[in-house]
Amino acid sequence: MSSLLVVVGAYLAGSIPFGYLAGRLRGVDIRTVGSKNVGATNVFRTLGKRWGIAVMVADVAKGLGAALVARWLTDDPWPLIAAGAAVAGHVFPVWLRFRGGKGVATGAGVVIGLMPLVSLVLVGVWLLIVGATRYVSLASVVGAIACTPLAAAFGYTWPTVVFAGVISAAVLVRHWQNIRRLLAGTESRIALRRGAASPE
């Protein structure tokens, strides 16, 4: 029963819609502007860099917190299940009628908690791609593709590798429209510097 409570708690923590709450603090319903997504990227574009970074950190933290608490309170495979529940909560938040973000930041949080070696590589790759191209979606897609083989290469257990595959597949499915726009050359970029042009 305690393990199930940890999983439920992880889902509810993942469901906290920090992007939506940030928008409300600024008098904006983030679901009605920009890409209409409640994730950190849309907050970054519509509310500014500081709000976007704050939401990203908060979304990472809820995934990381869920993974660490589950590792502390439960035995395998419950930490993996709780981590998945946290990501599911972000993507399908009960508070927003199950319409949430794409799971990248919260997924990054659970990867940091469960696969720290993999997370070090993925964070570096993500930052490099965003810095070079200003495509957050491209960095997220590449990170999702790389996560599972990295988990296997670093010697994590097979349930952890399978978990990485499931999370990666979920991120890719949530990004299918972004992938189409990337292939068509119509995907939006983010402005990294103050005074830079608006996203293309």
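Residues numbered from 1 in each chain as written. Predicted model: local features only at pLDDT ≥ 70, side-chain atom pairs only at ≥ 80, totals over all residues. Heavy atoms only, no water.

A. Highlighting helix 3 (residues 40-47). Every buried residue of helix 3 is accounted for by Ala40, Asn42, Val43, Phe44 and Leu47. Check the buried side of helix 3 and you find it contacts helix 2 (18-25) and helix 4 (49-73). Within two residues after helix 3, Gly48 carries a phi angle of roughly 115°, on the positive side. (Buried < 20%, exposed > 50% of the residue type's maximum accessible area, 1.4 Å probe, protein only. Helix = DSSP H or I, 4+ residues; strand = E, 2+ residues; numbered from the N terminus. Contact = heavy atoms within 4.5 Å.)

B. Highlighting the packing of aromatic side chains. As enumerated under the stated definition, the model contains zero aromatic pairs in all. The ring of Phe92 has Arg174 lying over it, and the distance from NZ or CZ to the ring centre is 5.9 Å. (Phe/Tyr/Trp six-rings, centres within 6.5 Å; stacked < 30°, edge-to-face > 60°. Lys NZ or Arg CZ within 6 Å of the ring centre and 35° of its normal.)

C. Structural context of the side chain of Thr160. If you trace the backbone, Thr160 turns up in helix 9 (residues 158-174). Apart from the residues within four sequence positions on either side, Thr160 is in contact with Leu80 and Met115.

D. Representation of a nonpolar patch on the surface. Where nonpolar side chains cluster on the molecular surface, the patch consists of Val8, Leu12, Ile16, Leu21, Phe92, Val94, Trp95 and Phe98 and spans about 730 Å² of accessible area. Looking at the element boundaries, Val94 is found in the loop between helix 5 (78-91) and helix 6 (104-114). (Patch = residues over 30% accessible without salt bridge, like charges linked within 9 Å, V, L, I, M, F, W, Y side chains within 5 Å. Areas by Shrake-Rupley, 256 points an atom, 1.4 Å probe, with all protein chains shown as cover. Salt bridge = Lys/Arg side-chain N within 4 Å of Asp/Glu carboxyl O.)

E. Geometry of the nonpolar core. Val110, Val111, Leu114, Met115, Val118 and Phe163 are the most contacted members of the largest nonpolar core, which totals 26 residues. Mapped by element, the contributors of at least two residues to this core are helix 1 (2-14), helix 4, helix 5, helix 6, helix 7 (116-133), helix 8 (136-153) and helix 9. The biggest single contributor to this core is helix 5, with seven residues. In this structure, Val118 is in contact with Val111, Cys147, Leu150, Ala151, Phe154 and Tyr156, ignoring residues within four places of it in sequence. Among the nonpolar cores identified, the runner-up in size contains nine residues, and Tyr20, Ala22, Ile30 and Leu47 belong to it. (Core = buried A, V, L, I, M, F, W, Y, C linked by side-chain atoms within 4.5 Å.)

F. Region of interest: the side chain of Asn42. One can find Asn42 in helix 3. Under the relative-accessibility criterion, Asn42 is labelled buried at 3%. Of the polar contacts made by the side chain of Asn42, one reaches the backbone oxygen of Ile30; its length is 3.4 Å. A polar atom in the side chain of Asn42 sits 2.8 Å from the backbone oxygen of Asn37. (Polar contact = N/O pair within 3.5 Å; in protein donor to acceptor, adjacent residues only side chain to side chain.)

G. Examining the confidence of the model for the protein chain more closely. Per-residue pLDDT for the protein chain has a mean of 93; in total, 96% of the residues score no lower than 70. Below a pLDDT of 50 lies the segment residues 195-200, which in the model reaches 10 contacts outside its immediate sequence neighbourhood of four places, other chains included. (pLDDT = per-residue confidence, 0-100.)

H. The environment of Ile30, seen in detail. For Ile30, the location among the structural elements is in the loop between helix 2 and helix 3. Through-space distance from the C-alpha of Ile30 to that of Trp51 is 12 Å; in sequence the pair is 21 residues apart. Non-local contacts of Ile30, meaning those with residues more than four positions away in its chain, are made with Gly19, Tyr20, Lys36, Asn37, Val38, Asn42, Val43, Thr46 and Leu47.

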